[in-house]
Amino acid sequence: MLIAGNWKMFKGAHEARAFATRIRHLPERTQGVDVVVCPPFVSLQAALQGLGEESLVRVYAQNVHWELDGAFTGEVSAPMLLELGVKGAIVGHSERRQHFGETDETVRQRAEAGLEAGLSVIACVGETGTERESDETQDVLARQVGVLPRHERLVIAYEPVWAIGTGRTATPEMAQEAHAFIKSLHDAPVLYGGSVKPENALVLLGQPDVDGALVGGASLDPASFEAICLAGAEVAAA
Ligand code: PGA
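Computed from a predicted model, the values in this text were never measured in an experiment. (Residues numbered from 1 in each chain as written. Predicted model: local features only at pLDDT ≥ 70, side-chain atom pairs only at ≥ 80, totals over all residues. Heavy atoms only, no water.)

Notes on the site of the ligand
The immediate surroundings of the ligand are formed by 13 residues, with Lys8, His93, Glu159, Gly165 and Ser195 found nearest. His93 is positioned such that a nitrogen or oxygen atom in its side chain is 2.7 Å from an oxygen atom of the ligand. Within the backbone of Gly165, a nitrogen or oxygen atom sits 2.6 Å from an oxygen atom of the ligand. Residues of the shell around the ligand, tallied by class, amount to four nonpolar, seven polar and two charged. (Near = heavy atom within 4 Å. Polar contact = N/O pair within 3.5 Å; in protein donor to acceptor, adjacent residues only side chain to side chain. Nonpolar A, V, L, I, M, F, W, Y, C, P; charged D, E, K, R; others polar.)

Things to note about the packing of aromatic side chains
Scanning the entire structure with this criterion turns up three aromatic pairs. Ring geometry for Phe19 and Phe225: centres 6.3 Å apart, planes at 50 degrees, overall tilted. Of this pair, Phe19 sits in helix α1 (residues 13-23) while Phe225 sits in helix α10 (residues 222-237); the two residues are 206 residues apart in sequence, bridging distant segments of the chain. Among the residues examined, Phe19 registers a relative accessible area of 4% and is labelled buried. Look at Phe225 and you get buried, because its relative accessible area is 0%. Note on Tyr158 and Tyr192: the rings are 6.3 Å apart at their centroids and 55 degrees apart in plane angle, and the pair reads as tilted. (Phe/Tyr/Trp six-rings, centres within 6.5 Å; stacked < 30°, edge-to-face > 60°. Helix = DSSP H or I, 4+ residues; strand = E, 2+ residues; numbered from the N terminus. Buried < 20%, exposed > 50% of the residue type's maximum accessible area, 1.4 Å probe, protein only.)

Section: the pattern of salt bridges
Pairs can form between side chains of opposite charge whenever their charged atoms are close. Considering all chains together, one arrives at 15 salt bridges under this definition. A salt bridge links Lys8 to Glu95; the nearest nitrogen and oxygen atoms lie 2.8 Å apart. Residue Lys8 is found in the loop between β1 (2-6) and α1, and its partner Glu95 is found in helix α4 (residues 94-99); the two are separated by 87 residues along the sequence. For Glu95, a relative accessible area of 25% puts it in the partly exposed group. Notably, a salt bridge pairs Glu112 with Arg108, separated by 2.8 Å at the nearest N-O pair. (Salt bridge = Lys/Arg side-chain N within 4 Å of Asp/Glu carboxyl O.)

Points about helix α7 (residues 137-146)
Looking only at α7, the buried set comprises Thr137, Val140, Leu141, Gln144 and Val145. Buried residues of α7, viewed axially, fall in a sector of 120 degrees; they line one side. In α7, those exposed residues whose orientation departs by more than 90 degrees from the buried face are Asp139 and Gly146. Looking at the buried side of α7, the elements it contacts are α4, α5 (104-117), β5 (120-125), α6 (129-133), β6 (154-158) and α8 (172-185). (Arc of directions from axis to C-beta. Contact = heavy atoms within 4.5 Å.)

Considering the pairing of β1
Buried residues dominate β1, accounting for five of its five residues. Judged by which residues are buried, β1 turns out to be covered on both faces: Leu2, Ala4 and Asn6 on one side and Ile3 and Gly5 on the other are all buried. Taken together, the five bridges between β1 and strand β2 (residues 34-38) define a ladder with parallel strand orientation. The partner of Ala4 across the bridge, within β2, is Val36. As a crossover connection, the stretch from β1 through α1 into β2 is right-handed. Sheet analysis places β1 next to strand β8 (residues 212-215), joined by four bridges and oriented parallel. (Pairing = 2+ DSSP bridges. Right-handed = clockwise from strand over helix to strand, strands pointing away.)

Comments concerning the sheet that holds β1
Pairing is parallel around the closed barrel formed by eight strands, whose spatial order is β1-β2-β3-β4-β5-β6-β7-β8. Pairwise comparison of adjacent strand axes, ignoring direction, gives a mean angle of 25 degrees for this sheet. Pairing between strand β4 (residues 88-91) and β5: four bridges, direction parallel. Within the sheet, the bridge partner assigned to Val91 lies in β5 and is Ala123. (Axes fitted to C-alpha atoms, helices over the stretch in contact; angles between N-to-C directions.)

Structure, rendered in structure tokens:
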């Protein structure tokens, strides 16, 4: 079970350090759960400092470039992240696909390079509302999952775009159906993302093919992030 908090473009260094200090001992109370936070690039180091050397909480970035270095203004490479102590990265988040021209091909490149360099990778897939309404969910998932490499450090996050930041969560049945489909295509663990909150975490995480959650809004408050991680531990222990 993996619970990852995607902070998006929230929390500068000061806030990231304070949050990390508060949750540094959380994994001691959440047996069976790998706890991950994904701060913005500029707050990665502060989060690592707040956690300290001993903490089992891991820090991932929200993106990673496919080249080791070069003329790529605004990008960050895997060796740069590893040098800081960052253990992984999200790639292909729908906000990057929607607003920053990310494609299946660039997602594949980012995932492959990150894994090869030694990072863990959470690769995001998911259909838009229009795609679901026109019955294209499986085609979209097959296309997005189809490019992802096979690797023991790859995790897939199923994030239906219409459920992200909207308060409209997929029903547990919808999540389970999509996860089972993704698992028929790829053997990676599959996280659910899209309006996960303390109130719905238990039932979503309890679905047989849901291996964890990628949490946006509800990961920004330490108490609600802790509650979701505790729900994960309850499911892991069952
Ligand atoms: P949300 O975001 O939990 O705020 O819906 C999830 C995500 O975008 O990873």
